[in-house]
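What follows is each chain in one-letter form.
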Amino acid sequence: KGVRHVLVRHEQGAGHAATGYAQATGKVGVCMATSGPGATNLVTPLADAQMDSVPVVAITGQVGRPLIGTDAFQEADISGITMPITKHNFLVTEGADIPRILAEAFYLASSGRPGAVLVDIPKDILQAQTTFSWPPEMHLPGYRPVTKPHGKQVREAARLIADSKNPVLYVGGGVIKADASAELLELAELTRIPVVTTLMARGAFPDSHELHCGMPGMHGNVAAVAALQRSDLLITLGARFDDRVTGQLDTFAPDAKVIHADIDPAEIGKNRHADVPIVGDCKEVIVELLEAVRADLATGTALEYSKWWSYLDDLRSTYPLSYDRHTDGTLSPQYVIQAVGKLAGPDASTVPASVSTRCGLRSSSTTRSRARGSTPVARHDGLRRAGRDGRQDGQARGRGLGDRRRRLLPDDQPGTRDLRGRGCADQGCVDQQRQPRHGPSVADAVLREAVLEHRPVHPLTAYPRFREAGRGSRLRRNPRRTRGGRRGRDPSGSGHQRPSRRHRLHRRQGCPGVAHGRSRHQQRRDHGRPRHPSVVRRRLRRRPHRDPRDHRARPCAQRAAAAEEETK
């Protein structure tokens, strides 16, 4: 059976295509790239696959072995570059090791917790001849992924389930990786425990099931978030307590005990302490947990969660998942996704790319494979209820375009604005300005200081080290002290500084040497440089001097000569 090769126009596209293939089929995705810049273009796809636990093998070229370490043409230490973002990587040093290393790479990528593996092959090895033998003998000392859970820990988890009053099945992407959707459904129906699924677990549990409360986290719905916060037991299966779900860890589910089952022992207890840690494959864990729960039910243990479900049902009826239909004939994104989901059916595989956060998916500049198998086009279950926070369809939320633009002061634009720069559409607020090109804006600093110290601060008198983009004038550390003397303030209250008496005097006399001249530091810096003719003509005018006797500024040379002629 031949190998199908797909030619792409960029190595990054090859990496993301391999990730999408692995997500949709469950097999290992493979991508290839040349040495140097071709290999470094795979860094983003490899990091994405590793974070999402997607099995991907990347094969890269490398300069010949004699040139490694000599900064040769298109040489890059791709093994060292990708070491923090891959599960493992190899640098082939002998041609006879290629079959064994490739077999180990595919085994590492697909076993245990899936991830990204890189194989770097030098050019001279690819051009050499060797003896091929298959299947090779793998040498992976120390790599023994644990798949079968400990029986004592499973029985302790069943005991906590029997003692709990408000439990929640917190399901992550590990259930999909373990192909344990059927076992999860059986466990939920046996215990009647509410189920919440993370973004990586979309499709692991039927969205239309009565036990499903939705997706938790910052893009989830009210029932799922409240179920986690008010629970007294979190049964975590293949999840990692991501910050998009938990928010601040010290305030996440404060009264809940945690049963954490994961095949990666490094994830257990990393973000949240686990009262019952279980290391093993999610499918094996759920199967043994089913047996333990059935044994407890056979002894007369009753699982009563009527009050708990009454609270959650009230939340689901009060905050249903809905959206506003457009009345001008246009189609809302929620309606489009819902219609595509109905047309595609429940068995369609989807790959969302750069989807807005209003659709419940993480916004990204790269294509991310999020759904597979039985996920129905991410449907609108992940949508936040439109109109709940006072904004209409299409307006940016707190973490959309608004955070990428400069926040304005309340009096910069008409309408009502809060400290995050949001505006109310019914009061005629205009769009926010763009972020300054260089450095932070003065308005940001002023708002931050006003919030911390609870006092109004004007941007022209605060944070003198910052320069407002496009203004070209630096705010001084002491706004009342200049080289021309003490300055007054504008009586209008705008905060602008008024020129000193000496500056105003010589402006009236037509001598711009002081008001528009350069400082002594600039004069010393520019001494001896060729000057533009207009600058030379301006420099020919003498700058006024101080009279040591009366300390009054003498008139300019031209004015003195004219006065002498009139006297004669």
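Data block above holds the structure.
Nothing here was measured: the structure is a model prediction, and the numbers come from that model.

A separate point is the sheet that holds strand E3 (residues 88–91). Two modes of strand pairing occur in sheets, parallel and antiparallel, and in both the strands are linked by backbone hydrogen bonds. The four strands are arranged E1-E2-E4-E3 in an open sheet whose pairing can be described as parallel. Edge positions in the sheet fall to strand E1 (29–33) and E3, since each has one partner strand and no second. When the angles between neighbouring strand axes are averaged without regard to direction, this sheet yields 15°. Note: E1 against strand E2 (residues 56–62), five bridges, orientation parallel.

Under the criterion given, the structure shown has 16 salt bridges. A salt bridge links Glu156 to Arg159, with the shortest nitrogen-to-oxygen separation between them at 2.4 Å. With Glu156 and Arg159 both in helix H7 (residues 151–163) and three residues apart, this pair spans about one turn of that helix. Put simply, Arg113, Asp264, Glu267 and Lys270 are held in one network by salt bridges that share partners.

So, on to the packing of aromatic side chains. If you walk through the whole model with that rule in mind, you get five aromatic pairs. On the numbers, 5.4 Å between centres and 75° between planes, the contact of Tyr170 with Phe241 is edge-to-face. Here Tyr170, found in strand E5 (residues 167–171), pairs with Phe241, found in the loop between strand E8 (233–237) and helix H11 (243–246); they are 71 residues apart in sequence, far enough to count as distant. The same class applies to Tyr170 as to Phe241, namely buried. Three or more aromatic residues link up through ring pairs in this structure, and these residues are Tyr170, Phe241 and Phe252.

Once that is clear, we can look at the sheet that holds E5. With parallel pairing, six strands are arranged side by side in an open sheet as E7-E6-E5-E8-E9-E10. Only two strands of the sheet have a single neighbouring strand rather than two, namely strand E7 (212–214) and strand E10 (276–279). Direction aside, the axes of adjacent strands within the sheet are offset by 20° on average. Sheet topology note: the strand E6 (residues 195–197)/E7 ladder contains two bridges and is parallel. Residue pairing in the sheet places Val196 in a bridge with Gly214 of E7. Sheet strands in contact with H7 are E8, strand E9 (257–262) and E10, and its direction is about 135° off that of E10. Relative to E7, helix H13 (residues 306–318) is tilted by about 45°, and along the sheet it contacts E5 and E7.

Take the pairing of E3 next. By the bridge criterion, four bridges tie E3 to strand E4 (residues 116–122) in an arrangement that is parallel. In the sheet register, His88 faces E4, and the bridge partner there is Val117. Between the parallel pair E3 and E4, the chain is carried across by helix H5 (residues 98–110), and the sense of this crossover is right-handed.

Counting buried positions along E5 gives five out of five residues, so the element sits mostly inside the fold. Along E5, one buried face is formed by Pro167, Leu169 and Val171 and the opposite face, lined by Val168 and Tyr170, is buried too. Here E5 runs beside E8; their pairing, made up of five bridges, is parallel. For Val171, the partnering residue across the bridge sits in E8 and is Leu237. Bridging between E5 and E6 involves three bridges; their strand directions are parallel. Looking at E6, one finds that Leu169 is bridged to Val195.

Definitions and cut-offs
Residues numbered from 1 in each chain as written. Predicted model: local features only at pLDDT ≥ 70, side-chain atom pairs only at ≥ 80, totals over all residues. Heavy atoms only, no water. Pairing = 2+ DSSP bridges. Helix = DSSP H or I, 4+ residues; strand = E, 2+ residues; numbered from the N terminus. Axes fitted to C-alpha atoms, helices over the stretch in contact; angles between N-to-C directions. Salt bridge = Lys/Arg side-chain N within 4 Å of Asp/Glu carboxyl O. Phe/Tyr/Trp six-rings, centres within 6.5 Å; stacked < 30°, edge-to-face > 60°. Buried < 20%, exposed > 50% of the residue type's maximum accessible area, 1.4 Å probe, protein only. Contact = heavy atoms within 4.5 Å. Right-handed = clockwise from strand over helix to strand, strands pointing away.

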